[in-house]
Amino acid sequence: MVLIKHIKSSGIAEVVIALAVIAMCFTVASLVFIRTSSAPMKFQDVRKQTEIQSSILMKMYQEDRDIEIDETEMGKETDMLSDSLEVLTFTGSDNRILWQQQWFKK
């Protein structure tokens, strides 16, 4: 049996529920967008890390200590836990650390 009489409050409740669902969808979508656009690791950083790792690996096989990679700065310092290791730190143009590598001292 179909209701002949339309209840006024049910129309208002449907609108409020629909608006709440729409607002939640926009909230979730905006959070996902913000998280993906401000991710700490950018694609260019991942690409640069791969270049650094492959260069380090090639230099390790050649036993060469001079590593130069475009658009990065390399810093050398002694490891705090071991005197026989030195830490190579590669930073990008925005002074974020892209890669750290421990290396035996000569």
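If you're wondering where the values come from, they're calculated on a predicted model, not measured in any experiment.

(A) View of the overall build of the protein chain. Across its full length, the protein chain holds two helices and three strands. For the protein chain, the residues scored as buried account for 21% of the 106 residues in total. Summarising the internal contacts of the protein chain: among those between residues at least 6 apart in sequence, 28% fall at separations of at least 24. As displayed, the protein chain has an accessible area near 9,000 Å², and 63% of this comes from carbon and sulfur atoms.

(B) A look at the pairing of strand β1 (residues 73-78). Here β1 pairs with strand β2 (residues 85-91) via six bridges, running antiparallel. Looking at β2, one finds that Glu73 is bridged to Thr91. The antiparallel pairing of β1 with β2 creates a hairpin that spans six residues between the two strands.

(C) Geometry of the pairing of β2. Most of β2 sits inside the fold, with seven of its seven residues counted as buried. Side chains Leu85, Val87, Thr89 and Thr91 project from β2 onto one buried face, and the interleaved Glu86, Leu88 and Phe90 project onto a second face that is buried too. Taken together, the seven bridges between β2 and strand β3 (residues 97-104) define a ladder with antiparallel strand orientation. Bridging across to β3, Leu85 finds its partner in Phe104. Hairpin remark: β2 followed by β3, antiparallel, with five residues in the connecting loop; positive phi at Asn95, about 60°.

(D) Quick peek at the side chain of Lys48. Structurally, Lys48 is set in helix α2 (residues 43-62). When near neighbours in sequence (up to four residues on either side) are disregarded, Lys48 contacts Ile69, Asp70, Glu71, Thr72 and Leu98.

(E) Spatial organisation of the pattern of salt bridges. The final tally for this structure, using the stated rule, is one salt bridge. For the salt bridge of Lys48 with Glu51, the shortest nitrogen-to-oxygen distance reads 3.5 Å. With Lys48 and Glu51 both in helix α2 and three residues apart, this pair spans about one turn of that helix.

(F) Focus on the nonpolar core. Counting residues in hydrophobic clusters, the biggest one holds eight residues: Ile52, Ile56, Ile67, Ile69, Leu88, Phe90, Leu98 and Trp103. Those elements giving two or more residues to this core turn out to be α2, β2 and β3. In this structure, Ile67 is in contact with Ser55, Ile56, Lys59, Met74, Leu88, Phe90 and Trp103, ignoring residues within four places of it in sequence.

(G) Expanded view of the side chain of Asp79. Inspection of the secondary structure assignment puts Asp79 in the loop between β1 and β2. When residues no more than four places from it in sequence are discounted, the contact partners of Asp79 are Leu85, Glu86, Val87 and Gln102.

Reading the values: the criteria
- Residues numbered from 1 in each chain as written.
- Predicted model: local features only at pLDDT ≥ 70, side-chain atom pairs only at ≥ 80, totals over all residues.
- Heavy atoms only, no water.
- Helix = DSSP H or I, 4+ residues; strand = E, 2+ residues; numbered from the N terminus.
- Buried < 20%, exposed > 50% of the residue type's maximum accessible area, 1.4 Å probe, protein only.
- Contact = heavy atoms within 4.5 Å.
- Areas by Shrake-Rupley, 256 points an atom, 1.4 Å probe, with all protein chains shown as cover.
- Pairing = 2+ DSSP bridges.
- Salt bridge = Lys/Arg side-chain N within 4 Å of Asp/Glu carboxyl O.
- Core = buried A, V, L, I, M, F, W, Y, C linked by side-chain atoms within 4.5 Å.

Geometric descriptors of this kind do not, in isolation, establish any biological role.
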